[in-house]
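These are the residues of each chain, in order.
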Amino acid sequence: MKPSHWLAPTMALLLQLPAQAAPLTPEQLSAHLLNRIAFGPAPGDIERVTRMGAQRYIDSQLMPEAIALPAALSERLRGLDAVQQPAGAVLGEYLEVRKEAKDEGEEGKARRRAVVSRIALQTDEARIARAIDSPRQLEEVMVDFWFNHFNVFAGKGLDRALIASYERDAIRPYAFGSFRALLGATAKHPAMLYYLDNWLSTANDYKPRGAAAGPRAKASGLNENYARELMELHTLGVDGGYTQKDVTELARMLTGWTYLPRTLVRDNQSFQFDARRHDDGAKQWLGQPVRARGEAQGEYALDVLAMHPATAHHVSYQLAQYFVRDDPPPALVERMAATWLASRGDIRSVLRTLFASAEFLAPENVGAKFKTPYQFVISTARASAVPLADVKPLLGTLNRLGMPLYGCQTPDGYKNTQQAWLNPDALSRRIAFANGLAGDLDAAALQATLGAAISPRTQATVADSPPRLRAAMLLGSPDFMQR
């Protein structure tokens, strides 16, 4: 069946949000949990979660460090040297081949392309393999959320070599812990310093001298890029009550927060504070005077931003939008924000409030979220249980669906709402992917895997279709497109 035959009815159904009023059965609840705090069910998951019970499953996912990774996944990850090596080692290799590309013509350019391709592919493979095969599914979901929240574009210069370290060192360790620690880790990582140009930001009267004048020639003057996104995207939100003057003052407070590529390569020192470049003049930020105290000015700013009520509300709203519905219930957001402030920004506590809420478990919110391309591709791979020998086809699909992995160029990251991703062209591409993947799948086994996530109406439609089309119809159905 051609994808075009499915478009009109599928679009019509997808544009109608579910209105399931009856209480959830245990199997429906399990399917709902697997579609929200995991990337959808893999074979046997719905039965396993039903046996565990919803609360026990949620509790286990909130403590991922207690869940062992499969031996095959661990071995696969160990074989990806670009993911395992320190940031300085990967950057050193990248800088070496970049120099060769300048000095050795076409041969050097070919080596550079090969190295850049290998680094990118290994970084991608690690993320995709974890998302599909890791039993720590909520950890992978939170990595997806936080990476988008603190987005860095892999296609910008040196960040081609730094993305794997950024996710490994600045995102994953803090996904369930203190938001302040997560905020500090992203602020100081060279990938973020480079992406939003804070590594070049200096007091306006800074004059490089001696050795610093060469590699730091670009470092001349205040750069507000990171300070702006730190408040608008990472913490307070666009309506967080700050002014352009506050952006400028915060940028001044963060001058001197930098890194040196050569020091990173030599010593793996990923962050340093350069007092010579710091603006130690008097500042007035968010209505308060800020005294001169060097690096501590920036730390103070992160302290304030992490615990600001506007931050608690802004990030709680985004979490509720990601996990519940595109227009999250205001009362839920307020309760999450209250937990944020009471727990001093403990992410795990905020998630507990979210997952225990009536709104998260409400039947009318089941299937209310439209999958992003990433969620669709990963959930398809998990449900189909096709061995992941090569991630390139999945990466190609993400590119065609408009969501290349680590490929969002703007600091706001990829959206997670239906409006951003539901359109006829994208839907046609999803159905084509489902058609291509489903050729060798057992439709009955696939239906058993998806269980209560597929409505009786869709099951009946599939059952009345030719056997060779049934698996593709399941993966291309409105039920599977939503979560």
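Keep in mind that this is a model prediction, so the values were computed, not measured.

Engineer: Explain the overall build of the protein chain to me, please; I cannot follow it from the model alone.
Structural biologist: The helix and strand inventory of the protein chain stands at 28 helices and 4 strands. For the protein chain, whose C-alpha radius of gyration is 24 Å, the value lies close to the compact-globule estimate of 23 Å for 483 residues. Viewed in the frame of its principal axes, the protein chain has a C-alpha envelope of about 75 × 60 × 40 Å. Looking at the protein chain as a whole, 56% of its 483 residues are labelled buried. Sequence-distant contacts in the protein chain: of pairs separated by 6 or more residues, those separated by 24 or more amount to 73%.

Engineer: What should I look at first to understand helix 24 (residues 424-438) in this one?
Structural biologist: Compared with the 21 Å implied by 1.5 Å per residue over 15 residues, the 21 Å span of helix 24 between its first and last C-alpha is a close match. For helix 24, the full list of buried residues reads Ala426, Leu427, Arg430, Ile431, Phe433, Ala434 and Ala438. Each buried residue of helix 24 sits inside an arc of 155° when the element is viewed along its axis, so together they form one side.

Engineer: When you look at empty space enclosed by the protein in this model, what are you seeing that I'm missing?
Structural biologist: If you roll a probe as big as a water molecule over the atoms, it shows you where there is empty space left. Applying the stated criterion to the full structure yields 3 cavities of 30 Å³ or more. The space that makes up the largest cavity amounts to roughly 120 Å³. Arg127, Asn148, Leu405, Tyr406 and Tyr414 are, among the 13 residues lining the largest cavity, the residues nearest its centre. It is helix 9 (residues 137-149) that contributes the most residues to the lining of the largest cavity, 3 residues altogether. Of the pockets and cavities examined, the second largest cavity occupies roughly 70 Å³. Along the walls of the second largest cavity sit Asn35, Arg36, Ala38, Phe39, Gly40, Val141, Tyr322, Lys371, Gln375, Ser379 and Arg483, which together make up its complete lining. Counting only elements with at least two residues in the lining of the second largest cavity, the list comes to helix 2 (26-36) and helix 21 (373-384). Of the residues belonging to the lining of the second largest cavity, the class tally is 4 nonpolar, 4 polar and 3 charged.

Engineer: Hey, could you run me through the packing of aromatic side chains in this one?
Structural biologist: Given two aromatic rings, one states the distance between the centres and the angle between the planes to describe the pair. As enumerated under the stated definition, the model contains 19 aromatic pairs in all. For the ring pair Phe376 and Phe433, a centre distance of 6.0 Å and an interplane angle of 70° mean the geometry is edge-to-face. Of this pair, Phe376 sits in helix 21 while Phe433 sits in helix 24; the two residues are 57 residues apart in sequence, bridging distant segments of the chain. One exposure class covers both Phe376 and Phe433, and it is buried. By the ring-pair criterion, three or more aromatic residues cluster together here, those being Phe145, Trp146, Phe150, Phe179, Tyr322, Phe323, Trp340, Phe355 and Phe360.

Engineer: Help me understand the environment of Asp59 in this model?
Structural biologist: By the secondary structure assignment, Asp59 is in helix 4 (residues 54-61). In this structure, the C-alpha to C-alpha distance between Asp59 and Ala320, residues 261 residues apart in sequence, is 18 Å.

Engineer: What am I meant to see in the packing of helix 2 against helix 4 here?
Structural biologist: What describes two packed helices is the angle between their axes and the distance between those same axes. Packing of helix 2 against helix 4 brings their axes to within 10 Å, and their N-to-C directions diverge by 15°. In terms of their interaxial angle, helix 2 and helix 4 are classed as roughly parallel. Between helix 2 and helix 4 the crossing geometry is right-handed. Only Ala54, Tyr57 and Ile58 of helix 4 make contact with helix 2, whose side of the interface consists of Leu29, Leu33 and Leu34. Looking at the contact of helix 2 with helix 4, its residues break down into 6 nonpolar, no polar and no charged.

Engineer: Honestly, the pattern of salt bridges in this entry has me stumped. Any pointers?
Structural biologist: A side chain with one charge may pair with a side chain of the opposite charge, provided their charged atoms come close. Throughout the structure, instances matching the rule amount to 31 salt bridges. Between Arg127 and Glu167 there is a salt bridge, with the nearest N and O atoms lying 2.9 Å from each other. Residue Arg127 is found in helix 8 (residues 105-133), and its partner Glu167 is found in helix 10 (residues 163-171); the two are separated by 40 residues along the sequence. With respect to class, Arg127 is no different from Glu167; both count as buried. One salt bridge connects Arg228 with Glu224, and the closest N-O pair in it is separated by 3.1 Å. Each of Arg180, Lys188, Glu295, Glu299 and Asp303 takes part in salt bridges that share partners, so that together they form one network.

Engineer: Help me understand the confidence of the model for the protein chain in this model?
Structural biologist: Do not read the predicted coordinates in detail wherever pLDDT is low. Per-residue pLDDT for the protein chain averages 94, and the proportion of residues at 70 or more is 94%. Taken together, the stretch residues 211-217 has pLDDT below 50 and engages in 11 contacts with residues farther than four places along the chain or on a different chain.

Engineer: Can you walk me through the packing of helix 21 against helix 22 (residues 392-400) in this structure?
Structural biologist: The interhelical angle for the contact between helix 21 and helix 22, taken along N-to-C directions, is 150°, at an axis separation of 9 Å. Classified by the angle between their axes, helix 21 and helix 22 sit roughly antiparallel to one another. Between helix 21 and helix 22 lies a crossing of right-handed hand. Taking contact as the criterion, the partners of Pro373, Tyr374, Val377 and Ala381 in helix 21 are, on helix 22, Leu394, Thr397 and Leu398. Of the residues assigned to the contact of helix 21 with helix 22, the class counts are 6 nonpolar, 1 polar and no charged.

Basis of the calculations
Residue numbering note: each chain is counted from 1, following its sequence as written. Side-chain atom pairs in this predicted model are given and counted only at pLDDT of 80 or more, local residue features only at pLDDT of at least 70, and totals for whole chains, interfaces and linings cover all residues. The side-chain numbers reported here are obtained from all heavy atoms of the structure, hydrogens and water having been left aside. Strands are runs of DSSP state E lasting at least 2 residues, helices are runs of H or I lasting at least 4, and numbering of each runs from the N terminus. Atoms counted for the radius of gyration: C-alpha only. Globule rule: 2.2 Å times residue count to the power 0.38. Remark: exposure states derive from per-residue accessible area (1.4 Å probe, protein chains only) relative to the maximum for the residue type, with buried under 20%, exposed over 50%, and partly exposed in between. When checking whether two residues touch, look at their non-hydrogen atoms; a contact exists if any pair is within 4.5 Å. A helix is expected to reach a length of 1.5 Å times the quantity of its residues less one. To be clear, the arc concerns the directions from the helix axis to the C-beta atoms. Both cavities and pockets are sets of points on a 1 Å grid over the protein atoms alone; in a cavity a 1.4 Å probe fits but cannot get out, in a pocket the set is open with protein on both sides within 12 Å along at least five of seven lines, and lining residues sit with an atom within 4 Å of a point. Grid points are joined across faces, edges and corners, and a volume is the space filled by probe spheres set on the points. In this classification, Asp, Glu, Lys and Arg are treated as charged, Ala, Val, Leu, Ile, Met, Phe, Trp, Tyr, Cys and Pro as nonpolar, and every other residue, Gly included, as polar. Stacked, tilted and edge-to-face are the three classes applied to pairs of Phe, Tyr and Trp rings, where Trp contributes its six-membered ring and a pair requires centres within 6.5 Å; stacked means planes under 30 degrees apart, edge-to-face means over 60, and tilted covers the rest. Structural elements are reduced to axes, namely lines fitted to C-alpha atoms, with helices fitted over the stretch in contact, and the angle between N-to-C directions of any two is expressed from 0 to 180 degrees. If an angle is under 35 degrees, it is roughly parallel; if it is over 145, roughly antiparallel; if it lies from 65 to 115, roughly perpendicular; otherwise it is oblique. Two helices cross in a left-handed way if the nearer one is turned anticlockwise from the farther one by less than a right angle. They cross in a right-handed way if the turn is clockwise. Between Lys or Arg on one side and Asp or Glu on the other, a salt bridge is scored when a side-chain nitrogen of the former is within 4 Å of a carboxyl oxygen of the latter. Per-residue confidence from the predictor is given as pLDDT, running between 0 and 100.

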